[in-house]
2 protein chains.
Amino acid sequence: MTKPQAGKRLTLKDVAEKAQVSPMTVSRVVNGYEGVRADVRDKVHAAITELGYIPNRSASVLASSKSKLIGVLIPSLSNVVFNDVLRGIYDIAIPANYQVLLFNTHYSPIEEERAIRTLLGQSPEGLIITGGGQTYAARAMLEASGVPVVQIMGKVDDPIDINVGFSHFDAGAAVTQSLVAKSYAKIGFIGARMDTRACDRLAGFEYALSAVNGLDKKRVITTPQPSSVSMGASLFRELMANTEGDCDAVFCCNDDLALGVLHECKKMHINVPEKFGVCGFNDIEMAAYAEPALSSVSVNRYSMGSKAMNIIFQKINQQDDKVLALPDYIDTGFELVMRKSTR
Amino acid sequence: MTKPQAGKRLTLKDVAEKAQVSPMTVSRVVNGYEGVRADVRDKVHAAITELGYIPNRSASVLASSKSKLIGVLIPSLSNVVFNDVLRGIYDIAIPANYQVLLFNTHYSPIEEERAIRTLLGQSPEGLIITGGGQTYAARAMLEASGVPVVQIMGKVDDPIDINVGFSHFDAGAAVTQSLVAKSYAKIGFIGARMDTRACDRLAGFEYALSAVNGLDKKRVITTPQPSSVSMGASLFRELMANTEGDCDAVFCCNDDLALGVLHECKKMHINVPEKFGVCGFNDIEMAAYAEPALSSVSVNRYSMGSKAMNIIFQKINQQDDKVLALPDYIDTGFELVMRKSTR
DNA sequence: CTGTTAGCGCCTTCAC
DNA sequence: GTGAAGGCGCTAACAG
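This one's a predicted model, so the numbers in the text were calculated from it and none came from an experiment. (Residues numbered from 1 in each chain as written. Chains lettered and ligands numbered in written order. Predicted model: local features only at pLDDT ≥ 70, side-chain atom pairs only at ≥ 80, totals over all residues. Heavy atoms only, no water.)

## Topic: the overall build of chain A
A tally of regular secondary structure across chain A gives 13 helices and 12 strands. By the compact-globule yardstick of 20 Å for 343 residues, chain A is too spread out, its C-alpha radius of gyration being 26 Å. Expressed along its principal axes, the backbone C-alpha trace of chain A runs to roughly 85 × 45 × 30 Å. Scored against the burial criterion, the 343 residues of chain A give a buried share of 54%. Within chain A, contacts between residues at least 6 apart in sequence are counted, and of these 69% link residues at least 24 apart. Carbon together with sulfur atoms contributes 51% to the accessible area of chain A, which is approximately 15,000 Å² in total. Mean positive and mean negative side-chain charge positions of chain A (36 and 37 charges, respectively) differ by 5 Å. (Helix = DSSP H or I, 4+ residues; strand = E, 2+ residues; numbered from the N terminus. Rg over C-alpha atoms; globule rule 2.2 N^0.38 Å. Buried < 20%, exposed > 50% of the residue type's maximum accessible area, 1.4 Å probe, protein only. Contact = heavy atoms within 4.5 Å. Areas by Shrake-Rupley, 256 points an atom, 1.4 Å probe, with all protein chains shown as cover. Lys, Arg positive; Asp, Glu negative; His and termini not counted. Charge placed at Lys NZ, Arg CZ, Asp CG, Glu CD.)

## Looking at the protein's contact with DNA strand C
Neighbouring residues of DNA strand C: 25 residues in total, closest Leu12(A), Ser27(A), Tyr53(A), Thr25(B) and Arg28(B). Of all atoms in DNA strand C that approach within 4 Å of the protein, 64% are sugar or phosphate atoms. Between a phosphate oxygen of DNA strand C and a main-chain N or O atom of Asn56(A), the distance comes to 3.2 Å. Elements that contribute at least two residues to the surface near DNA strand C include exactly helix H2 (23-30) and helix H4 (57-64) of chain A together with helix H2 (23-30) and helix H4 (57-64) of chain B. Per element, the largest residue contribution to the surface near DNA strand C is five residues, and it comes from H4(A). A per-class count over the surface near DNA strand C returns 13 nonpolar, nine polar and three charged. (Near = heavy atom within 4 Å. Polar contact = N/O pair within 3.5 Å; in protein donor to acceptor, adjacent residues only side chain to side chain. Nonpolar A, V, L, I, M, F, W, Y, C, P; charged D, E, K, R; others polar.)

## Topic: the pattern of salt bridges
Residue and element names in this part refer to chain A. Taken as a whole and judged by the stated rule, the model has 30 salt bridges over all chains. For Arg139, the salt bridge identified is with Asp158, shortest N-O distance 3.4 Å. Of the two residues, Arg139 sits in helix H7 (residues 136-145) while Asp158 sits in the loop between strand S4 (149-154) and strand S5 (162-166), which places them 19 residues apart along the sequence. (Salt bridge = Lys/Arg side-chain N within 4 Å of Asp/Glu carboxyl O.)

## A look at the relation of the copies chain B and chain A
Superposing chain B onto chain A requires a rotation of 180 degrees together with a translation of 0.0 Å along the rotation axis, leaving an RMSD of 0.1 Å. Accordingly, the operation relating the two chain copies is best matched by a two-fold axis. The C-alpha atom lying nearest the rotation axis in chain B is that of Ser58(B); the distance is 2.2 Å. A share of 100% of interface residues in chain B that are also interface residues in chain A marks the association as one of identical surfaces. (Least-squares fit on C-alpha atoms with pLDDT ≥ 70 in both.)

## What to know about the protein's contact with DNA strand D
Around DNA strand D sit 26 residues in total, of which Thr25(A), Arg28(A), Leu12(B), Ser27(B) and Tyr53(B) are the nearest. Backbone sugar and phosphate groups make up 64% of those atoms of DNA strand D lying within 4 Å of the protein. In this structure, Ser22(A) approaches DNA strand D through a side-chain N or O atom, which is 3.0 Å from a phosphate oxygen. Contacts to DNA strand D include Arg28(A), whose side-chain N or O atom sits 2.6 Å from a base oxygen. Top element by residues in the surface near DNA strand D is H4(B). It accounts for five residues.

## Details of the interface of chain B and chain A
If you look at the interface, chain B gives 47 residues, while chain A gives 48 residues. Interface area, chain B with chain A, both sides summed: about 4,400 Å², of which 60% is carbon and sulfur. Of all residues in chain B, Ile54(B), Leu77(B) and Tyr289(B) bury the most surface against chain A, accounting for 13% of the area lost on that side. Taken together, the links from chain B to chain A amount to zero salt bridges. (Buried area = accessible area lost by both parts, 1.4 Å probe.)

## A short note on the state of the cysteines
All names here are of chain A. Evaluated as defined, the whole model comprises zero disulfides over all chains. Unpaired in this structure, Cys199 has its nearest cysteine sulfur neighbour in Cys253, at a distance of 8.0 Å. The thiol sulfur of Cys252 is not disulfide-bonded, and the nearest other cysteine sulfur, from Cys279, lies at 7.9 Å. You can call Cys252 buried: its relative accessible area is 0%. (Disulfide = S-S within 2.5 Å.)

## Describing the domain arrangement of chain A
All names here are of chain A. Under the domain assignment used here, chain A contains domain 1 (12-55), domain 2 (67-166 + 302-333) and domain 3 (168-298). Once you take the C-alpha centre of each, domain 2 and domain 3 turn out to be 30 Å apart. If you look at the interface, domain 2 gives eight residues, while domain 3 gives seven residues. Here domain 2 and domain 3 share zero salt bridges between them. (Domains from an automatic or database assignment.)

## Overview of the nonpolar core
Counting residues in each nonpolar core, the largest one holds 145 residues, and the members touching the most others are Ile190(A), Phe276(A), Val278(A), Ile190(B), Phe276(B) and Val278(B). Filtering out sequence-adjacent residues up to four positions away, Ile190(A) remains in contact with Ile221(A), Gly232(A), Leu235(A), Phe236(A), Leu239(A), Val250(A), Phe251(A), Cys252(A), Cys253(A), Leu257(A) and Val261(A). Judged by nonpolar contacts, the second largest core, of 32 residues, contains Ala138(A), Ile129(B), Met141(B) and Leu142(B). (Core = buried A, V, L, I, M, F, W, Y, C linked by side-chain atoms within 4.5 Å.)

Next comes the structure, spelled out in structure tokens:
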């Protein structure tokens, strides 16, 4: 094997010379076109491996305007929730020979807009973004680009293109109704990092409680700061202080917070679930292993990612003429998983 | 604002015509060159925003061979550990206007090799890969490419270029010695998804126990399957069955497993830490909130990512002539955090 | 400070 | 089934 030279990059032409064919033929082989005679193909392949040739994607994208690139925007990498979504995306994209360019928007529409701009500069064939609430400019760019866009995680009011997710409002309401049905009467809400989806959950909570005349704003404790187990503990202390202990259950915006609440209850010798009910959201693996096991809401994170990716592929591959109507909203649903932390 | 046409992409020339300057001038403005007269710059900027022009990166990369792209290869997205590392990487790369292309190798050197090949096709300016153990071909490509490569997570024997991480062997040995010092005498090991780093931890464990004549292979339980809380529980049952209960502590390869062990101990009414000591690895947030609080090993994940990224930048920016020696190994260290799950 | 020329490496198109 | 010409959109290098 000839040692490749660092610094001088090999091109189609180098391979072509080595294999005694034209660059065009090499290009065909590289891209797996059928119509190349077998012996020529083998000769080219041999040259490629011998030289260690790696095609230049920029040149290829520029010339063909096919990038095989999917852009993904998520608001946080540290949130476990997005990992599963990402796995769903990668598991579909990579085997299909697509690449994923991932941006973290840090829950900021401004950063999101910046990311969209850079992303669009790469001629992506599809974009997956989180929820609604994009800036006006971002939305305009997206619409002008003609690139398929999927908004994931939550149901959004006025989707840009396609929407895959579930109604956080409904989920919040369902949890609350279930708590009411278990005869908890003074239900609180704890939320951190209140993004639109968290707000929707809260709205569902308030809606459900209002319906039974059980809403007391003193029992709603939120913070814009990031979510964590320790934040859950401290918000719980705040809740108890605010209400002077007049509270018999809490719906936590996610499981980390709920785990913190559980821990704090133990420290304060509050009997869960008899005297106090706790319900989380997301149903992370730890929920089932908490003590007592945490009630939560299971959402199909992986499937949100994979379905988003799949519908993008459908849209990419559909012939422009036969516009068979693709759905513009896919509901991935949710499920209450009531365990030992609620009656 | 003129509505941009979907489908027909704007180019430098379009902007140039609109602004009545040459494409080159537009290029300079887009790239923020100083030497453009203020009024011209403003005129160009106006044209850019009015048209909604977004530069074509493929063309730019092709022409300039500067990609502002960093490739990152990690073995798993679902493992929390890599999230923190990724955050460290993104937090340095993005503000510096670099993009990150992320690949998941699924712990497979073959997938890793494939990813490296595609990555190298994008002319990345730096690569961050996980640990050692690359295929021969992968290593050859990497070396031939001349691109700065950082191997992160663990200390590797024969680094390709730069290595950022810590010695998992030393960490494993340290944990074990600490357990011995706390007079645990029959110490077991539980590990899932035994990658090279997990194996190094195990080797450290075996080394430390051999030194005090305490190693019994029956107490080493591992599986190639993925790690999880429930896997920890089931490996623990296996450990107890294998040794007929003749075991008084366990070093778990990570915290998820350890949490599963803790849960199982509670179910089996095994007194932790008196009768049985449990130590995890990684010190994830939940560790401190477990019951009893989990002893673990804290490693600087975020810092592994950020330091890897920083040293790549140093290498990119260093003048080729004054080759001020950059370190080829950066030790990010580790720290035992002994809590209530060990005596 | 601004414009011109040439070409990055590949693919589309059209010959043969 | 294979090759030749031309251009994708941008920027390096030079000219003015």
